[in-house]
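An overview of the molecular structure
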Amino acid sequence: MWFDADSAALFAVEGRKDEALATLQRAFRRGWRQNGGADLRDIADEPAFRSMSGDPRFAQLRGLLAAHYARERQEVALLLRS
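None of these values were measured; they are calculated from a predicted model. (Residues numbered from 1 in each chain as written. Predicted model: local features only at pLDDT ≥ 70, side-chain atom pairs only at ≥ 80, totals over all residues. Heavy atoms only, no water.)

Within this structure, the stated rule accounts for two aromatic pairs. When the centroid spacing of 6.1 Å and the interplanar angle of 85° are considered together, the rings of Trp 2 and Phe 3 count as edge-to-face. Arranged with centres 6.2 Å apart and planes meeting at 50°, the rings of Phe 49 and Phe 58 form a pair that is tilted. Summarising the burial analysis for this pair, Phe 49 and Phe 58 share the class buried. (Phe/Tyr/Trp six-rings, centres within 6.5 Å; stacked < 30°, edge-to-face > 60°. Buried < 20%, exposed > 50% of the residue type's maximum accessible area, 1.4 Å probe, protein only.)

Below, the structure is given as structure tokens:
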């Protein structure tokens, strides 16, 4: 999955937006959750993905990531209260 995410970044930089989005979506389906070394709060902050910022598929992926992290924060909060 990390290989797909890295490949997507390379495709995006090369201007191959459709390939980048398809590969990033595949990475997400395989379990990738933007947990790279940079720990950016939003995938849109990644310079390699700037070319995809207006694409609805990219917005949808950002929404999926945001929902995942919202659920994760809720789960952590519940554990901390116990």
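Moving on, we come to the pattern of salt bridges. For the coordinates displayed, the defined rule picks out eight salt bridges. Between Asp 4 and Arg 30 there is a salt bridge, with its nearest N and O atoms 2.8 Å apart. Of this pair, Asp 4 sits in helix 1 (residues 2-13) while Arg 30 sits in the loop between helix 2 (17-29) and helix 3 (56-81), and the two are 26 residues apart along the sequence. One connected set of salt bridges, linked through shared partners, spans Lys 17, Asp 18, Asp 55 and Arg 57. (Salt bridge = Lys/Arg side-chain N within 4 Å of Asp/Glu carboxyl O. Helix = DSSP H or I, 4+ residues; strand = E, 2+ residues; numbered from the N terminus.)

Averaged over every residue, the pLDDT of the chain is 88; the share at 70 or more is 93%. Of all helices and strands in the chain, the one with the weakest mean pLDDT is helix 3 (91), whereas helix 2 scores best (94). (pLDDT = per-residue confidence, 0-100.)

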